[in-house]
Amino acid sequence: SKVWTFREIVLVKNVVLHCGAHSISWQRLETFIVGLNTWPEGSNVEDFRLKGNEKPLLEIVKARSITHRPQIHKPEDMQLFLGLLHLLESFRIRQATDPRDKVFAVLNLANDVKNSNLRADYRKSPTEVYANTAKWLLKAHRSLAFLRLVEKKDRPDLISWVPDFRYKDHMNFLHQPLQFFRGSHRVYNASGSTHAPFNNNGSTYIPY
């Protein structure tokens, strides 16, 4: 459930998982996960109990494949699945002791952040980090797509249009549950296919 576990498993080539006195290599677990997602359910009740909880693991499988074997993936798929916006969306429900790590923990995974000026800076407050991240997404992609991550604000320390990544209650997001992402048919598609203009007037972020 921790946000850093995804990063560690994806970036390290040889991974061994430990649980008490037991251990298993990631490669063996990955074979099981892929098989579980491929084979049809049988009549055994255990088949039903196993299936349905493998989505987070399948995301790791795909991210590891993109990271370590980029030559077999399309550039657009790499950008979509390991783009900062997608990672922030996927990890919204994960835990982080320091709320700033909801952003910082994925920066070295995000393809679109590499060679950019977006860096981890623990001198900044969580609200500053989240505001700067939203500003970077707007400037880098000229898209308002990040607005779909905004939740109903119950704290006065963030600008209304900045997503609060401390927030994990899906029922209070502005989007409707189960309708968050439908490809080209998503419920919220701010700015559509147009490019949003970015005007940086040099002002600093001041929470209200």
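Definitions and cut-offs
Sequence positions are assigned chain by chain, starting from 1 and proceeding in written order. Owing to the predicted nature of the model, reporting of local features is limited to residues with pLDDT of at least 70; listing and counting of side-chain atom pairs is limited to 80 or more, with chain, interface and lining totals taken over all residues. Only hydrogens and water are removed before side-chain values are computed, so all heavy atoms of the structure are retained for them. For the purposes of this entry, the term helix denotes a DSSP run of H or I that reaches at least four residues, the term strand denotes a run of E that reaches at least two, and both are numbered from the N terminus. Using a 1.4 Å probe, accessible areas were evaluated by the Shrake-Rupley method; residue-level cover was limited to the displayed protein chains. Only the stretch in contact is used when a helix axis is fitted, and all axes are lines through C-alpha atoms; the angle between N-to-C directions ranges over 0 to 180 degrees. Each crossing is labelled by how the near helix is turned from the far one, with a counterclockwise turn of less than a right angle marking it left-handed and a clockwise turn marking it right-handed. The criterion used for residue contact is that any of the two residues' heavy atoms lie within 4.5 Å. What is meant by a nonpolar core is a set of buried Ala, Val, Leu, Ile, Met, Phe, Trp, Tyr and Cys residues, joined one to another through side-chain atoms within 4.5 Å. Note on classification: 1.4 Å probe, protein chains only; a residue is buried when its accessible area is under 20% of the maximum for its type, exposed when over 50%, partly exposed between these limits. His is not counted, nor are the chain ends; Lys and Arg add positive charge and Asp and Glu add negative charge. A side-chain nitrogen of Lys or Arg and a carboxyl oxygen of Asp or Glu constitute a salt bridge if their distance falls within 4 Å. Identification of polar contacts relies on pairs of N or O atoms within 3.5 Å, with a donor-acceptor requirement for protein atoms, meaning one able to donate a hydrogen and the other able to accept it, and with residues adjacent in sequence counted only if both atoms are side-chain atoms. pLDDT: the predictor's confidence for each residue, scored from 0 to 100. Here a pair means two rings of Phe, Tyr or Trp (six-membered ring of Trp) with centres within 6.5 Å. Their orientation is stacked below 30 degrees between planes, edge-to-face above 60, and tilted elsewhere.

A. Region of the structure containing the overall build of the protein. Within the protein one finds eight helices and two strands. In sequence order, the secondary structure elements of the protein are arranged as α-β-β-α-α-α-α-α-α-α. Here the protein displays about 13000 Å² of accessible surface, and carbon together with sulfur accounts for 56% of that area.

B. Molecular detail of the packing of helix α2 (residues 26–38) against helix α4 (residues 55–68). Interaxial distance between α2 and α4 falls to 10 Å at its minimum, and their mutual angle equals 115°. Read as a crossing pair, α2 and α4 show a hand that is left-handed. Side by side, α2 and α4 meet where Trp26, Gln27, Glu30, Ile33, Val34 and Asn37 of the first sit next to Leu57, Leu58, Ile60, Val61 and Arg64 of the second.

C. Highlighting the nonpolar core. Within the largest apolar cluster, 44 residues are counted, with the highest numbers of intra-cluster contacts made by Phe6, Trp26, Leu84, Leu87, Leu88 and Val103. Taken together, the elements giving at least two residues each to this core come down to α1 (3–11), α2, α4, α5 (75–81), α6 (84–90), α7 (101–104) and α8 (126–141). Among the elements that take part in this core, α8 stands out by supplying seven residues, more than any other. Residue contacts for Leu84: discarding those within four places in its chain leaves Val106, Leu107, Ala110, Asp112, Val113, Leu118, Thr133, Trp136 and Leu137.

D. Highlighting the side chain of Arg94. Position of Arg94 relative to the elements: it lies in the loop between α6 and α7. Of the buried charged residues, Arg94 lacks a salt bridge, with Glu59 as the closest side chain of opposite charge at 5.5 Å. Side-chain polar atoms of Arg94 contact the side chain of Thr5, separated by 3.2 Å.

E. How the structure looks around the confidence of the model for the protein. The predicted model of the protein has a mean per-residue pLDDT of 79, with 75% of residues at 70 or higher. Per-element confidence in the protein ranges from a low mean pLDDT of 61 for helix α3 (residues 45–50) to a high of 95 for strand β2 (residues 22–25). Taken as a whole, residues 176–184 scores under 50 in pLDDT and shows 12 contacts with residues more than four places along the chain or in a different chain. Counted against residues more than four places away or in other chains, residues 203–208, with its pLDDT under 50, gives 13 contacts.

F. Local environment of the packing of aromatic side chains. As enumerated under the stated definition, the model contains four aromatic pairs in all. Ring centres 5.3 Å apart and planes at 85° place the aromatic pair Tyr130 and Phe165 in the edge-to-face group. Of this pair, Tyr130 sits in helix α8 while Phe165 sits in the segment after α8, and the two are 35 residues apart along the sequence. An identical accessibility class is assigned to Tyr130 and Phe165; each is buried. For the ring pair Phe146 and Trp161, a centre distance of 6.2 Å and an interplane angle of 65° mean the geometry is edge-to-face. Of this pair, Phe146 sits in the segment after α8 while Trp161 sits in the segment after α8; the two residues are 15 residues apart in sequence, bridging distant segments of the chain. Overall, the relative accessible area of 4% leaves Phe146 in the buried class.

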